Structures are given as C-alpha cells and as structure tokens.
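# Architecture and fold: a report
Okay, here's what each chain looks like letter by letter:
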Amino acid sequence: MDNPLFTIDPGLFIWSIIIFLLVLLILKRYAWTPLLNFIDEREKEISDSLAMAESAKADLEQVREESEKILNEAKNQSKSIVSDGKQRADQSANKILNDAKQKSDEFVLDAKKKIDVEKKRAIKEIKEEVVDLSLDLASQVLQRNVKDEDNNKFVQSSLKEINTDEAKS
Amino acid sequence: MLIDKTDTSHSNDPADVAIDHVANNYEHIILKLSLIPEKWIETYPLLGIFDFSITKHVFLLILVAFITVSSMIFLVQNYISSKTKVPGKTMNFIEMIILYMRENVLKSFIGEKYYKDWDALVYTIFFFVLIGNFLGLIPIFDFLGLINYLAGGIPVVKDLIHGGNTVTANINLNFALATITFGAFTIAGIKRYGFFHHWKNLAPPGLAWPLYFIVVPIEVMAMLIRPISLTLRLAGNMMGGHLALIIFTQLFIIEVAKNYGIFAALGGSIFSVSLSIGVIFLEIIVAFIQAYVFALLTAVYIGMAVNVDH
C-alpha cells in the first residue's frame with residue numbers, strides 16, 4: 001500500500017465511525033424526528049381539511065337539496081291551497097246560487113199555489129156572490145114566492161150552468 | 001498549488017502534485033494525538049486505531065459533521081418553529097429530498113413496516129456524504145493557501161493546506177460509513193428474523209444439498225463485498241473528478257509552460273479553464289449521485305436483509 005490514495009489509516013476509520021454515529025444520533029434527535037413528525041402532522045392537517053371541505057361541500061349540497069325540496073313542497077302546497085280555495089269558493093258559490101234558485105223556485109211555486117187557491121176561492125166566492133145576487137135580483141124582479149123545491153131546483157140548474165161556463169173558460 | 005516558502009519537503013513532480021491534491025497528508029499533522037507510542041504503530045499498523053492524531057482529513061471530517069449538524073438543525077428547527085409552516089427555499093429542497101427518499105427508497109425497498117427504524121440512518125448518510133462531496137468542490141483550502149503564501153506561513157493554516165480537501169475520496173472514511181451500513185443491515189436482519197435465522201437466510205432453501213457448498217460461500221462473499229464496493233465506488237468517483245480537475249487546470253499548464261513557454265501556457269489556460277468548468281458541473285452532479293447511491297444502497301441492503309422472500 002505505497003499509493004497514498006489508498007493508505008490504510010485506522011485512526012481516521014475510528015474517527016469516522018465515532019463522528020458519524022454522533023451526527024446520526026444528534027440529527028435523529030433534533031432534525032429527522034421533529035421534521036418527519038412535522039411533515040406527517042402537516043400532511044394529516046391537509047388531508048383532514050380536504051376531507052372537511054369535502055364533507056362541508058356534501059353538507060351544503062344536502063342542504064341545498066333539502067331547501068329545494070322544501071321550496072317545491074311549499075309551492076305545491078300553496079298551489080293546492082289556492083286551487084282548493086277556488087274550488088271551495090266555486091262550490092259554495094254554486095251552492096248559494098242553487099239554494100237561492102231553489103228557494104226562489106219554491107217561493108214562486110208556493111206563490112202560484114197560493115194564488116191558485118186564492119183564485120179558486122175568489123172565483124167560488126164570486127160565484128156564490130153572483131148566485132146570491134142573482135137570487136136576490138130574481139126574487140126582487142119576479143116578486144114572487146117560489147117554493148123551496150123550485151128554489152133549489154133553480155139554484156142547482158144555475159150552478160150547473162156556471163160550472164159549465166167555468167169549464168169552458 | 002501554492003507552496004509554503006518555508007516548506008522544503010514538497011516535491012515538484014506532477015504526479016505528486018496531483019496526488020497531494022486528492023490524498024490525505026501525513027507529513028503535516030495538525031495535532032498529534034496518539035494513545036500509544038508511534039514505534040508500535042510502525043511495527044503493527046493495525047494499532048493505528050489508537051492514533052487519534054488530527055490529520056487534515058480528520059479535521060475535514062469534523063468540519064463536515066459540524067456543517068451537517070448545524071445546518072440541518074438550524075433549518076429544521078427554524079422551519080418547525082415558524083408560524084406560517086411554509087418552508088424556505090433550502091428547506092423546501094431538503095424536504096423534497098427527504099420525501100422523495102421516503103416514498104421511493106425507504107418505503108419501496110425496506111417496506112412500510114420497517115422503514116421507520118432506518119430512515120434516520122439513510123437520511124444522515126445522504127446528507128453527510130453530500131456535504132462531504134460538496135466541501136471537496138469548494139476550494140477553501142487553496143484560498144487559505146494563498147493567504148498563507150502571502151503571509152509567509154501561518155502556524156495552523158500551514159498544516160491545513162496540504163492534502164486533498166475531499167474527505168469522501170478517502171477510503172478510510174468511506175469504509176467506516178460502509179461498515180456502519182454493514183452493521184445496519186446485519187442488525188436489521190437479526191432484529192427481523194432472530195440471530196440464527198438471519199444467518200440461515202444466506203442459504204436459500206429448496207436446493208439440492210451439494211449446491212449449498214457453492215451457494216453459501218458465494219452468498220457470504222457477496223455480503224462481505226458490499227462494504228468494499230460501497231467504499232471504492234464513492235472514493236473512486238470523488239477521487240476521479242478531482243484528479244481530472246487538477247490535471248486539466250494545473251498539470252496541463254505546468255507541462256505546457258515547461259515545454260513551450262509562458263505565453264503558450266496562457267493560451268492553453270483558456271482551454272483548460274473552460275474544460276475544468278465543465279468538469280466542475282459534472283462533479284456537482286456526481287456529488288449528488290454518489291450521495292444518493294450510497295444512501296440508496298444502504299436502504300437496498302437493509303431491505304434485502306429484512307424482506308427475504310423464500
């Protein structure tokens with residue numbers, strides 16, 4: 001080993017081992033472990049915040065969907081309320097109208113009936129009045145006593161006459 | 001290279017100049033610090049493990065360690081304690097490297113389950129080697145040499161300017177790193193499979209028994225050769241770049257000046273400077289790649305020890 005490039009130097013070898021191990025221990029304690037912990041922590045922080053952002057986004061999406069749903073429901077409800085109200089209003093209006101019609105019809109019918117009855121009664125009364133009157137008139141004109149039978153006969157015949165007149169009219 | 005005027009030991013042989021620019025220097029030791037007499041080491045070189053003298057490369061090693069530790073801790077602590085949690089440019093770059101290595105190297109080679117035991121080692125190897133490589137690219141010591149030359153020799157600086165300043169080109173340091181890698185993947189295997197089962201993993205099951213006499217030695221050799229290949233790969237790459245640089249800039253000029261005069265050398269310097277700028281860019285890439293390869297292979301070996309697919 002004459003070549004100075006390859007001189008064996010046990011002293012340097014021992015120095016190197018001691019110094020390198022010292023460097024290793026010091027760096028491990030004060031550089032690598034804290035640095036790697038720091039990097040891991042930061043990586044965790046980044047991934048955590050990314051996950052958080054992701055979940056926040058999902059939450060937001062959910063909230064948006066929910067609000068849309070609620071909005072749609074509200075719209076539908078309001079629509080149905082409006083249409084319901086309309087329907088009900090229509091119904092009640094119809095009912096009122098129908099009732100009124102019915103009532104007025106009933107009223108008219110009643111009135112007609114009453115009128116009819118009154119008319120009939122009036123006619124009857126008029127007839128009786130006419131009979132009495134004509135009887136009076138006749139008895140006065142004729143000035144004669146007519147037997148009850150004759151009387152009756154006459155009345156009957158004249159009533160018949162009036163009835164047939166009425167039927168004709 | 002600028003030479004201390006008071007220093008007579010320096011050779012002017014181009015090869016020596018080139019090697020001096022890359023290798024460690026044992027003639028100018030900054031601080032002698034040996035636990036045993038030097039005579040013993042001369043007779044038994046392995047006793048050199050007790051020689052803690054601070055040579056230039058030991059000094060550089062300490063410098064690299066200091067820069068790595070202080071810059072990393074400063075950047076990371078600054079980043080963590082910042083309220084905005086936004087990394088600065090440098091921190092962003094470091095974080096990018098770390099995250100890239102975690103996803104593409106640690107998780108894919110060692111696996112989700114076990115990578116956390118070894119990530120600090122892989123990151124530290126990467127940044128340590130990277131800063132070592134880069135420190136070699138910055139000619140601080142040549143600048144110090146200039147100051148020393150002008151001042152006529154400054155005590156500590158005088159010893160610092162000799163020898164190469166790429167500490168990762170030194171096989172001793174690289175072999176130490178590779179030994180740590182070796183220790184790491186052995187421990188990883190033992191932790192995962194237990195002591196005996198880990199070594200049994202060297203012998204893949206399901207072979208006819210005579211084959212084991214061939215397979216087991218090959219596997220053992222492959223395992224033992226790993227630290228050596230790591231060592232030589234890094235050292236060779238860092239050394240090669242610097243040798244190329246010194247040859248293009250200095251030796252080329254010296255030879256031209258010797259043979260054709262100073263004006264030819266000036267003309268040649270245009271060529272050599274442009275070439276060496278290219279080499280420096282290449283070296284920046286190589287510095288990154290080699291640091292990455294060292295860290296990557298560490299992870300791969302640990303992964304191979306931990307995930308034995310039988």
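Predicted model, so just to flag it, every value in this text is computed and none were measured.

Moving on to the nonpolar core. Core analysis: the biggest nonpolar cluster contains 83 residues, and Trp32(A), Leu121(B), Phe127(B), Phe128(B) and Ile302(B) have the highest contact counts within it. Contributions of two or more residues to this core are made by α1 (10-142) of chain A together with α3 (56-81), α4 (89-110), α5 (115-137), α8 (171-193), α10 (212-260) and α11 (262-306) of chain B. Per-element tally for this core: the top contributor is α1(A), with 15 residues.

Right, let's get into α10(B). The largest bend along α10(B) reaches roughly 40° and is located at Ile247(B). Phi turns positive one or two residues past the end of α10(B), at Gly261(B), with a value near 95°.

It is worth spelling out the packing of aromatic side chains at this point. The full count for this structure, using the stated rule, is 16 aromatic pairs over all chains. An aromatic cluster is defined as three or more aromatic residues linked by ring pairs; in this entry it consists of Trp32(A), Tyr123(B), Phe126(B) and Phe127(B). Over the face of the ring belonging to Tyr30(A) we find Arg29(A), whose NZ or CZ atom lies 4.9 Å from the ring centre. Positioned above the aromatic ring of Phe141(B) is the side chain of Lys56(B), whose terminal nitrogen or guanidinium carbon lies 4.2 Å from the ring centre.

Moving on to the environment of Asp117(B). Along the chain, the position of Asp117(B) falls in helix α5. Separated by 182 residues in the primary sequence, Asp117(B) and Ala299(B) have C-alpha atoms spaced 11 Å apart. Residues in contact with Asp117(B), not counting those within four places in the same chain, are Lys28(A) and Lys191(B).

Following the criterion strictly, the structure yields 13 salt bridges over all chains and no others. One salt bridge in this structure joins Glu61(A) and Arg64(A), with 3.2 Å as the shortest N-O distance. Of this pair, Glu61(A) and Arg64(A) are both found in helix α1, three residues apart, which corresponds to roughly one turn of the helix. The shortest N-O distance in the salt bridge between Arg88(A) and Asp84(A) comes to 3.4 Å. Of this pair, Arg88(A) and Asp84(A) both sit in helix α1, four residues apart, which is roughly one turn of the helix. Several salt bridges converge on common partners, so that one network encompasses Asp40(A), Glu43(A), Arg102(B), Glu103(B) and Lys107(B).

UniProt feature "transmembrane region" (unreviewed entry): in the numbering of this structure it lies at residues 12-32 of chain A. Between the C-alpha atoms that bound residues 12-32 of chain A there is a distance of 27 Å. The span itself is 100% helix and 0% strand.

Residue and element names in this part refer to chain B. Helix length check: helix α6 (residues 140-151), at 12 residues, gives a terminal C-alpha distance of 16 Å against a target of 16 Å (1.5 Å per residue), a fit within 8%. For α6, every residue scored as buried is listed here: Phe141, Gly145 and Asn148. Here the buried residues of α6 occupy an arc of 65° about the axis, which is enough to place them on one side. Opposite the buried face of α6, at more than 90 degrees from it, the exposed residues are Phe143 and Leu150. The elements touched by buried residues of α6 are α3 and α7 (155-160).

Next up on the list: the packing of α4(B) against α5(B). Residues and elements named next belong to chain B. With their axes 10 Å apart at the nearest point, α4 and α5 run at an angle of 130° to one another. It follows that α4 is oblique to α5 by the angle criterion. Judged by the sense of rotation from one axis to the other, the crossing of α4 with α5 is right-handed. Between α4, through Ile94, Ile97, Ile98, Met101, Arg102, Leu106, Lys107 and Ile110, and α5, the contact on the second element is made entirely by Tyr115, Trp118, Asp119, Val122, Tyr123, Phe126 and Phe127. The class makeup of the residues in the contact of α4 with α5 is 12 nonpolar, no polar and three charged.

In this section: the interface of chain B and chain A. In this complex, chain B contributes 54 residues to the contact, which on the side of chain A involves 34 residues. Between chain B and chain A lies a buried interface of about 4000 Å² when both sides are counted; carbon and sulfur atoms form 79% of it. Together, Lys85(B), Thr124(B) and Asn172(B) form the three largest contributors to the area buried by chain B at its contact with chain A, with a combined 13%. Linking chain B to chain A there are three salt bridges.

Moving on, we get to the UniProt feature "transmembrane region" (unreviewed entry) in chain B. All names here are of chain B. Taking the numbering used here, the UniProt-annotated feature "transmembrane region" (unreviewed entry) corresponds to residues 57-76, 120-151, 171-190, 211-228, 234-253, 260-282 and 288-308. Regarding residues 57-76, the helix share stands at 100% and the strand share at 0%, and the terminal C-alpha atoms are separated by 28 Å. Within residues 288-308, the helical portion is 90% and the strand portion 0%, while the C-alpha atoms at the span's ends are 30 Å from each other.

Here we take up a nonpolar patch on the surface. A cluster of nonpolar side chains, Leu207(B), Trp209(B), Leu211(B), Phe213(B), Ile214(B) and Ile218(B), forms an exposed patch at the surface whose accessible area comes to about 670 Å². By secondary structure assignment, the location of Ile218(B) is in helix α10.

Turning next to a negative patch on the surface. Residues and elements named next belong to chain A. A contiguous patch of negative charge on the surface is contributed by Glu128, Glu129, Asp132 and Asp136. You can see Glu128 is positioned in helix α1. On the basis of relative accessible area, Glu128 is assigned to the partly exposed category, the value being 46%.

Definitions and limits used
- Residues numbered from 1 in each chain as written.
- Chains lettered and ligands numbered in written order.
- Predicted model: local features only at pLDDT ≥ 70, side-chain atom pairs only at ≥ 80, totals over all residues.
- Heavy atoms only, no water.
- Core = buried A, V, L, I, M, F, W, Y, C linked by side-chain atoms within 4.5 Å.
- Buried < 20%, exposed > 50% of the residue type's maximum accessible area, 1.4 Å probe, protein only.
- Helix = DSSP H or I, 4+ residues; strand = E, 2+ residues; numbered from the N terminus.
- Bend = angle between axes of the 7 residues up to and from the residue.
- Phe/Tyr/Trp six-rings, centres within 6.5 Å; stacked < 30°, edge-to-face > 60°.
- Lys NZ or Arg CZ within 6 Å of the ring centre and 35° of its normal.
- Contact = heavy atoms within 4.5 Å.
- Salt bridge = Lys/Arg side-chain N within 4 Å of Asp/Glu carboxyl O.
- UniProt positions renumbered as here; feature names shortened; annotations may be inferred.
- Expected span 1.5 Å × (residues − 1).
- Arc of directions from axis to C-beta.
- Axes fitted to C-alpha atoms, helices over the stretch in contact; angles between N-to-C directions.
- Parallel < 35°, antiparallel > 145°, perpendicular 65-115°, else oblique.
- Left-handed = near helix turned anticlockwise from the far one by under 90°.
- Nonpolar A, V, L, I, M, F, W, Y, C, P; charged D, E, K, R; others polar.
- Buried area = accessible area lost by both parts, 1.4 Å probe.
- Patch = residues over 30% accessible without salt bridge, like charges linked within 9 Å, V, L, I, M, F, W, Y side chains within 5 Å.
- Areas by Shrake-Rupley, 256 points an atom, 1.4 Å probe, with all protein chains shown as cover.
- Lys, Arg positive; Asp, Glu negative; His and termini not counted.
- Charge placed at Lys NZ, Arg CZ, Asp CG, Glu CD.

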